[in-house]
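Here is what each chain is made of, one letter per residue.
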Amino acid sequence: MNRVVVTGGAGFIGSGLVRALLADGVKHVAVVDNLLSGKEENLTEVRDRIEFHNADIRDHAAMRKIFEGTDVVFHLAAIPSVPRSIQDPLPSHDVNINGTFTVLSAASDAKVRRVVYAASSSAYGDTLVLPKVETMLPKPKSPYALQKLAGEYYGSVFHSCFGLEFVALRFFNVFGPRQDPSSAYSGVLSLFMKCLIERKAPVIFGDGEQSRDFTYVDDVASLVIKAAKAKGVEGNVYNAGNGNRYTLNFIWSQLQAIEGVDIPPTFGPPREGDVRDSQADTALAIKELGHDPKFPIDKALKLTLDWYKKSISA
Ligand SMILES: NC(=O)c1ccc[n+]([C@@H]2O[C@H](COP(=O)([O-])OP(=O)(O)OC[C@H]3O[C@@H](n4cnc5c(N)ncnc54)[C@H](O)[C@@H]3O)[C@@H](O)[C@H]2O)c1
């Protein structure tokens, strides 16, 4: 793996992946990002070691050119929000489905060996059984969940019809440094971090007993790199979670305990399209990709909080 491209590489997970790829010894890392939600600052310390393209994944000609000579494309660019896909479905459909198609098609035309795709656990919807296993029938509850699932299906068809190696990883609530807390659509843990530092009550949508398999960004980046290297996994879909689940109430109480504060949350109405519980069965990823998460929740929360404290005070 000498030459790679990370789409969405200026985003939260993408910029973490770029760092992990460089640390893994990859010689040539290119980033494609139109900076819709990503920021070049996310790449500051590694900026002189990468090639940055301010480009849109829906631009086939541009993608075809950038992908020339590339071994692996990590496709993370997306409009990644359930509520945003309900309030404004057109752009998220266009980027998440048409953009993903364009990436696959350009990668196939440019003879890229493998595309590793950031899929989403939201594709499962509400399942009767936990943890969620890859063999379960997906039941998306939102346009976003459906769009991410369509990307998986498109990828597997590019594999079977055009010989493009494709591996999809269903990310489960990723958190960590550089997750942007500035919008109403931001990930819940980034919003919790901001509230905690500002000593404000977070708004929890629903009763707070909904649960998530919160996964630290470095564990996800490691798994994504393993998926790029693994043999005999082409066309497959894997859960990329930690295998645990924690309620939002529990996480907020843990964060308060770390800071030694008592700030009761405010509760709002449940959000449309939200899944009630989420937890990954990680057996397949462990067996076939060597998944080996290193960051239990307490350690990951502390690391993340330290980063937000530094970045908010900077
Ligand atoms: N964060 C999570 O918990 C989570 C969970 C499941 C799946 N995912 C998937 O992981 C990927 C990364 O998510 P993230 O949380 O880092 O979000 P993010 O918003 O930080 O990153 C997405 C990146 O894509 C870029 N982008 C958007 N539209 C683009 C376009 N048309 N052309 C080029 N670049 C474009 C954005 O500027 C941004 O840098 C997404 O595909 C998302 O669906 C994330």
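Data block above holds the structure.
Here's a quick rundown of the structure. Chains are numbered independently. Their residues run from 1 in the order of the written sequence. It should be noted that, the model being predicted, local features are given only for residues of pLDDT at least 70 and side-chain atom pairs only at 80 or more, the latter also being counted only at that level, while totals for whole chains, interfaces and linings use all residues. Hydrogens are left out, water is left out, and the side-chain values use all remaining heavy atoms of the structure.

## Notes on the pattern of salt bridges
- In what follows, salt bridge is the name for a side-chain nitrogen of Lys or Arg lying within 4 Å of a carboxyl oxygen of Asp or Glu. Tallying each qualifying case throughout the model produces 20 salt bridges.
- For the salt bridge of R64 with E68, the shortest nitrogen-to-oxygen distance reads 2.4 Å.

## Focus on the sheet that holds strand β5 (residues 114–120)
- One open sheet holds the seven strands; their spatial order is β3-β2-β1-β4-β5-β6-β11, and the pairing between them is parallel. Of all strands in the sheet, those bounded by a partner on one side alone are β3 (50–53) and β11 (237–240). Sheet twist, expressed as the mean angle between neighbouring strand axes with direction ignored, is 20 degrees.
- Two strands are counted as paired when DSSP detects at least two bridges linking them. Runs of H or I in DSSP of at least four residues are treated as helices and runs of E of at least two as strands, each being numbered from the N terminus. Where strand β1 (residues 3–7) lies against strand β4 (residues 72–75), four bridges are found, and the strand directions are parallel. Directly across from V6, in β4, lies its bridge partner F74. To obtain each axis, a line is fitted to C-alpha atoms, and for helices this fit is confined to the stretch in contact; angles are then taken between N-to-C directions over 0 to 180 degrees.

## Some words on the site of the ligand
- Being near a molecule or strand, for a residue, comes down to having at least one heavy atom within 4 Å of it. Contacts to the ligand come from 28 residues, most closely from D33, S37, Y144, K148 and V174.
- In protein, a polar contact requires one atom able to donate a hydrogen and another able to accept it; more generally it is a pair of N or O atoms within 3.5 Å, and residues adjacent in sequence count only if both atoms are side-chain atoms. In the environment of the ligand, an oxygen atom lies 3.0 Å from a nitrogen or oxygen atom belonging to the backbone of L36.
- Between the ligand and L76 there is a distance of 2.8 Å, counted from an oxygen atom to a backbone nitrogen or oxygen.
- Every accessible area reported is derived by Shrake-Rupley at a probe size of 1.4 Å, with residue values counting cover from the shown protein chains alone. Contact with the protein chains hides 92% of the accessible area of the ligand, taken as 820 Å² for the molecule alone.
- Of all the elements in the fold, those that place two or more residues in the shell around the ligand are α1 (12–23), β5 and α5 (143–162).
- Considering every element that reaches the shell around the ligand, the biggest residue donor is β5, with three residues.

## Some words on unusual backbone geometry
- Cis geometry is found at the peptide bond from L130 to P131, where omega equals -5 degrees.
- Here P131 is to be found in the loop between β5 and α5.
- Within the chain, L35 stands out as a residue other than glycine whose phi angle is a positive 60 degrees.
- Mapped onto the fold, L35 is located in the loop between β2 (28–32) and β3.

## Some remarks on the packing of aromatic side chains
- Side-chain rings of Phe, Tyr and Trp, where Trp is taken by its six-membered ring, are said to pair if the distance between their centres is within 6.5 Å; with planes under 30 degrees apart they count as stacked, over 60 as edge-to-face, and otherwise as tilted. Following the criterion strictly, the structure yields 12 aromatic pairs and no others.
- Look at F175 and F214: their rings are 6.3 Å apart centre to centre, the planes differ by 85 degrees, and that puts the pair in the edge-to-face class. Residue F175 is located in strand β7 (residues 174–175), and its partner F214 is located in the loop between β9 (211–212) and β10 (215–216); the two are separated by 39 residues in the primary sequence.
- In this scheme, a residue with accessible area under 20% of its type's maximum is buried, one over 50% is exposed, and one in between is partly exposed, where area comes from a 1.4 Å probe on protein chains only. Under the relative-accessibility criterion, F175 is labelled buried at 1%.
- Three or more aromatic residues joined by ring pairs make a cluster, and in this case those are F101, Y154, F158 and F162.
- If you follow R170 out to its NZ or CZ, it ends over the ring of Y124, 4.6 Å from the centre. The rule for a charge over a ring is simple: NZ of Lys or CZ of Arg within 6 Å of the ring centre, and within 35 degrees of the ring normal.

Nothing here speaks to function; it is geometry throughout.
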